[in-house]
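Residue-level structural notes
Here is what each chain is made of, one letter per residue.
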Amino acid sequence: QVQLVESGGGLVQAGESLRLSCAASGRIVSFNVMGWYRQAPGKQRELVARITSGGNTYYADSVKGRFTISRENAKNTVYLQMNSLKPEDTAVYYCHLRQDVTDDYWGQGTQVTVSS
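Residues numbered from 1 in each chain as written. Predicted model: local features only at pLDDT ≥ 70, side-chain atom pairs only at ≥ 80, totals over all residues. Heavy atoms only, no water.

Examining the state of the cysteines
Per the counting criterion, the structure on display carries one disulfide. A sulfur-sulfur distance of 2.0 Å marks the disulfide that ties cysteine 22 to cysteine 95. On the S-S bond that ties cysteine 22 to cysteine 95, the torsion sits near -85 degrees, and the link is left-handed. Here cysteine 22, found in strand β3 (residues 18–26), pairs with cysteine 95, found in strand β9 (residues 91–99); they are 73 residues apart in sequence, far enough to count as distant. Taken individually, cysteine 22 and cysteine 95 each receive the classification buried, so the pair is uniform in this respect. (Disulfide = S-S within 2.5 Å. Helix = DSSP H or I, 4+ residues; strand = E, 2+ residues; numbered from the N terminus. Buried < 20%, exposed > 50% of the residue type's maximum accessible area, 1.4 Å probe, protein only.)

Okay, here's the thing in structure tokens:
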């Protein structure tokens, strides 16, 4: 099994920054995709950014130029640097890992609140 533990959420003002971290443990295969999703109240969960073990990245249009995803493969850890935060970024952020094509794992979620 795989466990994902997130940290770094909190309450900030618009324009400020936060850095989320997610550490994976357990049976981790070499090739995998790690990413961050978010879910705001009353909305569906949406993909924010993802990164492959080879370093290829994808960003949602709403965060391009403001958020940066990175990872340390040796630590099985993924990061999300969030700059220029907006109130609309307020959500619960979930770490996600996919490996072996169809195996999906989720973290418990961390709250990010951006006040105007």
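Now that the structure has been shown, we can carry on.
Here's the deal with the environment of threonine 77
Looking at the secondary structure, you find threonine 77 in strand β8 (residues 77–82). Classification of threonine 77 by relative accessible area gives buried; the value is 9%. Distance from threonine 77 to glutamine 3, taken between C-alpha atoms, is 12 Å for residues 74 residues apart in sequence. Contacts of threonine 77, omitting those with residues within four sequence positions, involve Cys22, Ala23, Ser70, Arg71 and Glu72. Separated by 2.9 Å, the side chain of threonine 77 and the backbone oxygen of lysine 75 make a polar contact. (Contact = heavy atoms within 4.5 Å. Polar contact = N/O pair within 3.5 Å; in protein donor to acceptor, adjacent residues only side chain to side chain.)

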